[in-house]
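The lines below spell out each chain.
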Amino acid sequence: MKSLFAKMAMATTLGLGMVSVQLPAHADTKVGLILPYTGTYAALGNAITDGFNMAIEEAGRTDEFSIVTEDTEAKPPVGLAKARKLVLQDKVDVMVGVVSSGVLGAMRDFVHQSQTPLIVANAGNNLATGENCSPYIVRVSFSNGQINRPMGTWMAENGIKTVYTLAPDYSAGHQMIESFSAAFTAAGGEIAGSDFTPFGQTKDFGPYLTNAQSSGADAIFVFYAGGGAINFVKQYGSFDIKTPLYGSGFLTSPLYVAAEGDAAIGVRASLHYIPTLDTPENKAFVDAFMAKHGTMPSEYSVQGYDAGLALMAAVDAGGADKKNIAAALPNVSYVGPRGALEIDPATNNIVQNIYVYDTVMGDDGLTQKLIDTIPSVRDDVAGCQM
Ligand code: BEZ
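Residues numbered from 1 in each chain as written. Predicted model: local features only at pLDDT ≥ 70, side-chain atom pairs only at ≥ 80, totals over all residues. Heavy atoms only, no water.

(A) Representation of the layout of surface pockets within the structure. Computed from the structure, the largest pocket encloses a volume of approximately 510 Å³. Pro254, Met290, Thr295, Met296 and Leu366 are the residues nearest the centre of the largest pocket, which is lined by 24 residues in total. At the level of secondary structure, the elements contributing two or more residues to the lining of the largest pocket comprise α2 (42-58), α9 (257-260), α10 (280-293) and β14 (365-377). Among the residues making up the lining of the largest pocket, the classes are represented as 11 nonpolar, 10 polar and three charged. Residues from two domains meet in the lining of the largest pocket; each of domain 1 (2-142 + 277-346) and domain 2 (145-271 + 355-377) gives at least three. (1 Å grid on protein atoms, 1.4 Å probe; cavity = no way out; pocket = protein on both sides within 12 Å on 5 of 7 lines; lining within 4 Å. Points joined across faces, edges and corners; volume = space filled by probe spheres on them. Helix = DSSP H or I, 4+ residues; strand = E, 2+ residues; numbered from the N terminus. Nonpolar A, V, L, I, M, F, W, Y, C, P; charged D, E, K, R; others polar. Domains from an automatic or database assignment.)

(B) The arrangement of the site of the ligand in detail. Taken together, 16 residues form the shell around the ligand, and within it Val99, Ser101, Gly124, Tyr170 and Ala172 come nearest. Glycine 124 places a polar main-chain atom, nitrogen or oxygen, 3.0 Å from an oxygen atom of the ligand. At a separation of 2.5 Å, an oxygen atom of the ligand approaches a polar side-chain atom of tyrosine 170. Its free accessible area being 260 Å², the ligand has 100% of it covered by the protein chains. Comparing atom positions with the cavity grids shows the ligand to sit within the largest cavity. For the shell around the ligand, the class distribution of residues is 11 nonpolar, five polar and no charged. Mapped onto the domain boundaries, the shell around the ligand takes at least three residues apiece from domain 1 (2-142 + 277-346) and domain 2 (145-271 + 355-377). (Near = heavy atom within 4 Å. Polar contact = N/O pair within 3.5 Å; in protein donor to acceptor, adjacent residues only side chain to side chain. Areas by Shrake-Rupley, 256 points an atom, 1.4 Å probe, with all protein chains shown as cover. Sits in = over half its atoms within 2 Å of the grid points.)

(C) View of the domain arrangement of the chain. When its domains are assigned, the chain resolves into domain 1 (2-142 + 277-346) and domain 2 (145-271 + 355-377). Spacing between the C-alpha centres of domain 1 and domain 2 amounts to 27 Å. Domain 1 puts 20 residues into the contact, and the matching count from domain 2 is 22 residues. Here domain 1 meets domain 2 over a buried area of about 1,600 Å², counting both sides, of which 60% is carbon and sulfur. Here domain 1 and domain 2 share eight residue pairs in polar contact (both at pLDDT 80 or more) between them. Listing elements by their share of the side of domain 1 that touches domain 2, those giving two or more residues are α2, α4 (101-114) and α11 (299-318). Take the side of domain 1 that touches domain 2: its biggest share by element is three residues, from α2. When grouped by side-chain class, the residues that make up the side of domain 1 that touches domain 2 number 10 nonpolar, eight polar and two charged. (Contact = heavy atoms within 4.5 Å. Buried area = accessible area lost by both parts, 1.4 Å probe.)

Next up, the structure:
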């Protein structure tokens, strides 16, 4: 595996900035990118795709990988149908993607039975690396518990006594809030109330914000991402709620925080990546990403990028076909923009730092200020038997 810098140097020398990775003539490995390209998570799917393509292009290896993309629409039955199509009809060697925990849950048994390696580049579904783990599922993004558990403890230890929680009513929303609440109460906090809002359909958060404020809680803690996050934060701002807003860091992702505007200022959140991390690997990545896309990268672009690095590392270690990729993936380790990464062989989930950050106004617009780092967060095995 070439280092990030070696790959970047090669990409620069060869001028590969705009090379497409779609269907090259002599590809050795067929990749199915299975992501939402429409609906509330469409921007996330596009960002993951950009990150994945960037990793392959920088390495100068576009001719090794042919790519078929499928739109899950973030709907579990659609995701399962698209996974079946990619494996049975397109005969892909490996799938990369899945944004929604619901889609990952729906695909899990088919992935396992078809013995097709899946590199999870977003969906945090705890069960996929817990009691429903599989040797064919390796996650380079995060688990829902991994992001929220540390924040529950952190908030209780930093003076927040009562919290009102809100999240969309689907598996990710429930798992994120359950993980947060369990850690928060274990550290002495109290949950003042909780609501789950219809997923992808809630346009008016007013009644929920009113409930949260009138509960008298010290803070509101939420999980929203994509279009839901933009609507929620804007409405939180326009209702002029005085209760401070905390959340899973997807709430104020650099991918869409500009659309949230000033309402995002002061929101405090936890996440596995922010583009302001002061490491040489991250700075090189941010510069390359800015040069190519003209925007700051987000956690979603990094997840796609790291999925590309993991795939290339697996191919280098074991070979280009389905069986070898599946065998090699759990053992890959590499340095990405988040720093040195490893996959926990007991669960196939990534082990990584979690960052507490504030959204603040910087010289060039909204940016992420690092507040604290919770190092090397690893999930419990939680019933996983490979
Ligand atoms: C999920 O469904 O797991 C998810 C979706 C968007 C952001 C983070 C997690």
